[in-house]
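Descriptive analysis of the structure
Here is how the chains run, residue by residue.
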Amino acid sequence: MFFDANGLEITQHFAKSMDGTRVPYFMVSKQGLEKNGKNPTLLYGYGGFEISLTPSYSAGVGRGWLTQGGTYVVANIRGGGEYGPQWHQAALKANRLRAYEDFAAVAEDLIAKKVTSPKHLGIQGGSNGGLLVGNMFTLYPQLFGAVVCQVPLLDMQRYHKLLAGASWMAEYGDPDKAEEWAFIKTYSPYHNVKAETDYPPVLFMTSTRDDRVHPGHARKMMARMKEQEHEVYYYENIEGGHGGAADNKQLAHMQALAYTFLKQKLFEPRRRRSRLARPSPCALVEFQLADALGAEDLPHGRALGAGLLSLRPRLSDRLLGERLGLVHQAIEHGLVRIQDHEVHVRIVGRTRHRRVDVVVDDDAGFLLGLHQRLIGLAQVGHVVVELAIVDPDRSHLRHRSLGVAARTLRECCAGNEHQDERDQSADAFHDLPPRR
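1. A few points about the overall build of the chain
When its secondary structure is counted, the chain shows 13 helices and 16 strands. Every one of the 436 residues in the chain was classed for burial, and the buried ones make up 51%. A separation threshold of at least 6 residues defines the contact pool for the chain, and within that pool the share at least 24 residues apart is 72%.

2. Here's the deal with the pattern of salt bridges
Between side chains of opposite charge, pairing is possible as soon as their charged atoms come close. According to the stated counting rule, one finds nine salt bridges in the structure shown. Between aspartate 155 and lysine 220 there is a salt bridge whose closest N-O contact spans 2.7 Å. Remark: lysine 220 occurs in helix H8 (residues 216-227) and aspartate 155 occurs in the loop between strand E6 (146-150) and helix H5 (169-172); sequence separation between them is 65 residues. Classification of lysine 220 by relative accessible area gives partly exposed; the value is 25%. Residue arginine 219 is joined to glutamate 236 by a salt bridge in which the shortest nitrogen-to-oxygen separation is 2.6 Å. Of this pair, arginine 219 sits in helix H8 while glutamate 236 is found in strand E8 (residues 232-237), placing the two residues 17 residues apart along the sequence. Each of Asp19, Arg78 and Asp102 takes part in salt bridges that share partners, so that together they form one network.

3. Digging into the packing of aromatic side chains
Enumeration over the complete set of coordinates arrives at 10 aromatic pairs. A centroid spacing of 5.5 Å and a plane angle of 90° characterise the contact between tryptophan 65 and phenylalanine 267, whose relative ring orientation is edge-to-face. With a gap of 202 residues between them, tryptophan 65 in the loop between helix H1 (59-64) and strand E4 (71-75) and phenylalanine 267 in the loop between helix H9 (248-266) and strand E9 (287-289) connect regions that are remote in the sequence. Each member of the pair, tryptophan 65 as well as phenylalanine 267, carries the same accessibility label: buried. Consider the rings of tyrosine 159 and tyrosine 172, whose centres lie 5.5 Å apart with planes at 85°: the pair is edge-to-face.

4. Structural notes on helix H4 (residues 128-139)
With 12 residues, H4 ought to run about 16 Å at 1.5 Å a step, and its terminal C-alpha atoms sit 16 Å apart, in line with that. Taken across its 12 residues, H4 has 11 buried, putting it largely inside the fold. All buried positions along H4 are accounted for by Asn128, Gly129, Gly130, Leu131, Leu132, Val133, Gly134, Asn135, Met136, Phe137 and Thr138.

5. What to know about the nonpolar core
Counting 52 residues, the largest nonpolar core has Leu43, Val106, Met136, Phe204 and Met225 as its most contacted members. If one sorts the elements of this core by residue count, helix H3 (residues 97-112) sits on top with eight residues. Aside from chain neighbours lying at most four places away, what touches methionine 136 is Tyr100, Phe103, Ala104, Ile123, Pro141 and Phe144. Counting 23 residues, the second-largest nonpolar core is a separate cluster that includes Val28, Ala258, Tyr259 and Phe267.

6. Focus on the side chain of aspartate 109
Looking at the element boundaries, aspartate 109 is found in helix H3. Note on aspartate 109: relative accessible area 16%, which makes it buried.

7. Quick notes on the layout of surface pockets
Gaps left between atoms are located by rolling a probe of water-molecule size over the structure's atoms. By volume, the second largest pocket amounts to about 1,000 Å³. Residue lining of the second largest pocket: 38 residues in total, with Tyr44, Ser58, Val61, Tyr72 and Tyr259 positioned closest to the centre. Contributions of two or more residues to the lining of the second largest pocket are made by strand E1 (8-16), strand E2 (22-30), H1, E4, strand E5 (121-126), strand E7 (202-207) and H9. For the lining of the second largest pocket, a count of residues per class yields 22 nonpolar, 15 polar and one charged.

The rules behind these values
- Residues numbered from 1 in each chain as written.
- Predicted model: local features only at pLDDT ≥ 70, side-chain atom pairs only at ≥ 80, totals over all residues.
- Heavy atoms only, no water.
- Helix = DSSP H or I, 4+ residues; strand = E, 2+ residues; numbered from the N terminus.
- Buried < 20%, exposed > 50% of the residue type's maximum accessible area, 1.4 Å probe, protein only.
- Contact = heavy atoms within 4.5 Å.
- Salt bridge = Lys/Arg side-chain N within 4 Å of Asp/Glu carboxyl O.
- Phe/Tyr/Trp six-rings, centres within 6.5 Å; stacked < 30°, edge-to-face > 60°.
- Expected span 1.5 Å × (residues − 1).
- Core = buried A, V, L, I, M, F, W, Y, C linked by side-chain atoms within 4.5 Å.
- 1 Å grid on protein atoms, 1.4 Å probe; cavity = no way out; pocket = protein on both sides within 12 Å on 5 of 7 lines; lining within 4 Å.
- Points joined across faces, edges and corners; volume = space filled by probe spheres on them.
- Nonpolar A, V, L, I, M, F, W, Y, C, P; charged D, E, K, R; others polar.

Set out below in structure tokens:
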């Protein structure tokens, strides 16, 4: 036994698809799950080649997701073999969209029953399941909060020219035939992703040595979405074939990457309860800079309020105004700098209560100056914030147009017991020397 299954229950449910078909799904959750729409939920599917997804024991899902507090759902959509050949044939070629309609119906059923909500609902699939989740976030982006897309097919115009792709034309169709490309292109994620659409964060995972689905699918989809400035992440293992990993150690590593990503995106951030009966000033504020800001304004941080592209606060209007003011002052005083529509700063802090990371990469010289500038603010009351310079070359931590000042020094001091220390921490940015 690899995890403790006590307190978990397995239930079967049915969702109604667009054409009225009843689509079964299995759910593993805590016993007596509270239906409040806040449960982090991972929805998994495949829907192809007459492969059935039946209930089974999974040590990886158990340790990586269920024991962390997540709910796990397996959708038995058309294209699979759960109800025999007819269930598979119902989603072939021109009818392929039925599989995606089934998957969307399951997601909508989970939301309608308040098992979860879009911001807490993630999806995962690999191979043909990668094509599934690729279509789900391009066709139904409003339903999901995070996507893990593994060894996927994504460019359906060229899939048959790469590796084993030609052997799958009975499933998807022949894109070289105009009459078949007409329906194939409706479920080709690479051709349907758009710059103007707001998609959930996506993690693509593939293998350099995949001999069945070419890693070029994931590579080019990641490149296109990055070019369109969507939130996208990528990991390519150099071994492993179509399974993505060559041994159990690599498999565990890749599963850990996927579940960590999902947990970061779908779980509510943990907040220390304030002793005061008021909204916590430690709530996470995330924002991005709009391209509309002129380049000449960016280095000086002017007109910041006009440059908000997206804002996801859980703050009162007063606290929101205070937070934006702190961010503005941080820019004005050189704690962060903005260049080429990107914000550059890296702060790593630790208090007696928690560790706080705010990550945007930059050159070592700027980090050194940042460290020297902030060290004078590190001691507030009896809470000491330790600032450290870290390797700026860890490119996997790089994010385009990343928000600034998520969890500022103010949050580091949120656990102080005395009101005067809270006031001191709240004024920390206001006491900065003028920018030179």
